[in-house]
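Coordinate inspection notes
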Amino acid sequence: MGFLTFDSERCNLCGLCIEQCPFQAMSMEASGIEVNEKCRMCGLCVKNCPEKAIRFEQKAGVVNKDEWKGILVFGEQEGGRIHPVVPELIGEAKKLAKKADYDVNVLLIGGKGTEENARKLLEYGVARAYVYERPEFEGFKADCYADAAADCIAEMKPSVVLIGATPLGRSLAPRLSTRFHTGLTADCTKLEMKENTDLVQIRPAFGGNIMAQIVISSSRPQFATVRYKIMETAKKQKNPSGQVIVRSVSDELVRSRIQVTQIAPINRTKSIEEEEVLVVAGRGVKSEKDVEMVRELADALGGQLCFTRPMVEAGYGDSAHQIGLSGRTVKPKLIITCGVSGAIQFTSCMNASECIVAINKDPEAQIFGIAHYCIVDDLYKVVPELVNKIRAGREE
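Model, not experiment: these values are computed from the prediction.

To continue, consider the environment of D198. Counting through the fold element by element, D198 comes out in the loop between β12 (190–193) and β13 (199–205). Residue classification places D198 among the buried residues on the basis of a relative accessible area of 4%. Each residue touching D198, except ones within four places of it in the same chain, is listed here: K65, E192, M193, V215, I216, S217, R220 and Q222. A polar contact is formed between the side chain of D198 and the side chain of R220, at a distance of 2.7 Å.

Overall, the coordinates contain 21 salt bridges when judged by the stated rule. Taking the shortest distance from any N to any O, the salt bridge between K95 and E232 comes out at 3.9 Å. Linking K95 in helix α3 (residues 85–100) with E232 in the loop between β15 (222–226) and β16 (243–246), this pair joins segments that are 137 residues apart in sequence. For K95, a relative accessible area of 43% corresponds to the partly exposed category. Two residues, D103 and R128, come together in a salt bridge whose shortest N-O distance is 3.0 Å. One end of the pair, D103, is in the loop between α3 and β8 (104–110); the other, R128, is in strand β9 (residues 128–133), with 25 residues separating them in the sequence.

Moving on: the environment of E19. Note that E19 resides in helix α1 (residues 16–20). Taking C-alpha positions, E19 is 9.0 Å from C45, a pair spaced 26 residues apart along the chain.

Moving on, we come to the sheet that holds strand β19 (residues 334–338). Here we have five strands laid out as an open sheet, ordered β18-β17-β19-β20-β21, and parallel in their pairing. Every other strand in the sheet has two partners, leaving β18 (304–307) and β21 (373–375) as the edge strands with one partner each. Sheet twist, expressed as the average angle between the axes of neighbouring strands with direction ignored, equals 20°. Sheet topology places strand β20 (residues 355–359) next to β21; three bridges connect them, and they run parallel. Pairing of V357 across the sheet is with Y373, part of β21.

Let us look at the packing of aromatic side chains. Both the distance between ring centres and the angle between the ring planes are used here to describe each pair of aromatic rings. Taken as a whole and assessed by the stated rule, the structure comprises three aromatic pairs. Taking the centre distance of 5.0 Å and the plane angle of 80° together, the rings of F140 and Y145 count as edge-to-face. Residue classification places Y145 among the buried positions, given a relative accessible area of 6%. Cluster of aromatic residues (ring-pair linked, three or more members): F137, F140 and Y145.

Rules of the game
- Residues numbered from 1 in each chain as written.
- Predicted model: local features only at pLDDT ≥ 70, side-chain atom pairs only at ≥ 80, totals over all residues.
- Heavy atoms only, no water.
- Helix = DSSP H or I, 4+ residues; strand = E, 2+ residues; numbered from the N terminus.
- Buried < 20%, exposed > 50% of the residue type's maximum accessible area, 1.4 Å probe, protein only.
- Contact = heavy atoms within 4.5 Å.
- Polar contact = N/O pair within 3.5 Å; in protein donor to acceptor, adjacent residues only side chain to side chain.
- Salt bridge = Lys/Arg side-chain N within 4 Å of Asp/Glu carboxyl O.
- Pairing = 2+ DSSP bridges.
- Axes fitted to C-alpha atoms, helices over the stretch in contact; angles between N-to-C directions.
- Phe/Tyr/Trp six-rings, centres within 6.5 Å; stacked < 30°, edge-to-face > 60°.

Next comes the structure, spelled out in structure tokens:
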């Protein structure tokens, strides 16, 4: 790896560093000692080398980009089912792949049923689905999941690896980028592929005030996580031609320092990401009583009440119902904003909604720039009237 350097004049190939490495990251090859992707940069080899022939060089490794080809999507599973972010990642990967003439492949790690889920993903037009299936993979264990994913990446050498920005993905992605001593861009909102195969990873920065374009120019693979509901879902194909490749899983690969004692499902209500109708209360809503007025509109429409970040910080809502960079990204069929100014931190996480209705008495409010229907009026007049009309319409 690019972070460890061996002094050939001092190294006598005693092999002590190989014995001392707790991660089996070193091996004796014809060309000398080589370091693989299992290296955690723990420093034991540096400390224990009797000849002081090993040192860290704190710079990213430079690779031959021509050796790294294709796009690999991590196929996350939740409760034995494919997470809905996966078809979205495949859809985006296929768009990027066209520019570089790449294949789109998917990696699935899990217990019983993983191979069956892999066959379902072939319908989205992936070339290959790599499967690591063993009972020990039941339930997410960060260490052995990272080992399995690294095993696949090291052999397949994809140029780009896309992972969902889910709790699981946010735990797995940084572990993998560290293994391969390369970069990771989290919570991307847009991706573009250059002709030289460099991935332009675009995401809000500095509180959403700018859109940063991040490029990993010299190392591979290029890791990026993408939030659910950001990208378009891949379309299913009538006659998929991809293949499922079941990978051999050794006992060492499933060995974990994490012990799962119990798995219990959480009784979840429908999340705001899954809702088709949302009503949002912004800073124009002044009190708890007024929040209840907006909640009546959400209830009348059969949707959920959501909040902007200032409203959550003021104690009117919780993070599970917050839309924005520090909250959730949503894509409902209908979203009505009440007293929301429309800062980019908020709009970047809801502007893909099918129908956006904005209520604000300020005609210059930023939210009107993305809204399909703009109501320039006092929300305290508009919201009760909407509730009355909706209820009256149902009674007829």
